[in-house]
Amino acid sequence: MKNLSVTCIGAGVIGSGWAARLLVNGINVNVFDKRPESYNRTRLSVERAKKYFSQLTKAPLREMGSLTFEKSLEGAVKTSTYIIESLPENLQLKHKLYKEIEHISNNSIILSSTSGFKPSELQQGSVLPKQIMVCHPFNPVYLLPLIEVVPSSKTSNQHFTMAMRV
């Protein structure tokens, strides 16, 4: 997993929790948020995750993945196969982001942390609907290994299988 790179877009509570969870599991993470002050939340989530993961098991922790804070969306997604979107629950905002991603990368799987939208709603207007699905975590994201992965009839089996591997 060390060579795997995941981009987390949105560094609020959920996005920073995703980043922390991935990092302590040895996955490299790019984080992008238009509010640079959100990166402090990510740093705190990573510290909490390291502390609590070490208390869950006597087994040694995996080698941490690398964390990169990106200044642009393009920089954040250009090398990632997986993009986890954790924007506010605003469908227009999500659609706008997906269109931007589609112009930069047509190979990325977009996983939304939404708790309020169906994958079919997220896929509306997308040129790559087969690559968009819901990937909703349970809280605290950095600690609980439970994720609800929800495809739609437009989601490809290949992309769904790939999402289930991360």
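Residues numbered from 1 in each chain as written. Predicted model: local features only at pLDDT ≥ 70, side-chain atom pairs only at ≥ 80, totals over all residues. Heavy atoms only, no water.

Engineer: How do you make sense of the packing of aromatic side chains when you look at a structure like this?
Structural biologist: Any aromatic ring pair is given by two values, namely how distant the centres are and how the planes are angled relative to each other. Tallying each qualifying case throughout the model produces 2 aromatic pairs. Ring geometry for tyrosine 39 and phenylalanine 69: centres 4.5 Å apart, planes at 35 degrees, overall tilted. In this pair, tyrosine 39 is assigned in helix 2 (residues 39-56) and phenylalanine 69 in strand 3 (residues 67-69), connecting sequence segments 30 residues apart. Summarising the aromatic geometry, the rings of tyrosine 52 and tyrosine 142 are spaced 6.5 Å apart at their centres and angled 25 degrees between planes, so their arrangement reads as stacked. In this pair, tyrosine 52 sits in helix 2 while tyrosine 142 sits in the loop between strand 6 (132-137) and strand 7 (147-150), placing the two residues 90 residues apart along the sequence. Exposure remark for tyrosine 52: the relative accessible area of 31% places this residue in the partly exposed category. (Phe/Tyr/Trp six-rings, centres within 6.5 Å; stacked < 30°, edge-to-face > 60°. Helix = DSSP H or I, 4+ residues; strand = E, 2+ residues; numbered from the N terminus. Buried < 20%, exposed > 50% of the residue type's maximum accessible area, 1.4 Å probe, protein only.)

Engineer: What should I look at first to understand the state of the cysteines in this one?
Structural biologist: Linking two cysteines covalently through their sulfur atoms gives a disulfide. This structure, assessed with the given rule, holds 0 disulfides. Not part of a disulfide, cysteine 8 finds its nearest cysteine sulfur in cysteine 135, a span of 10 Å. Residue classification places cysteine 8 among the buried residues on the basis of a relative accessible area of 1%. Since its relative accessible area comes to 5%, cysteine 135 is described here as buried. (Disulfide = S-S within 2.5 Å.)

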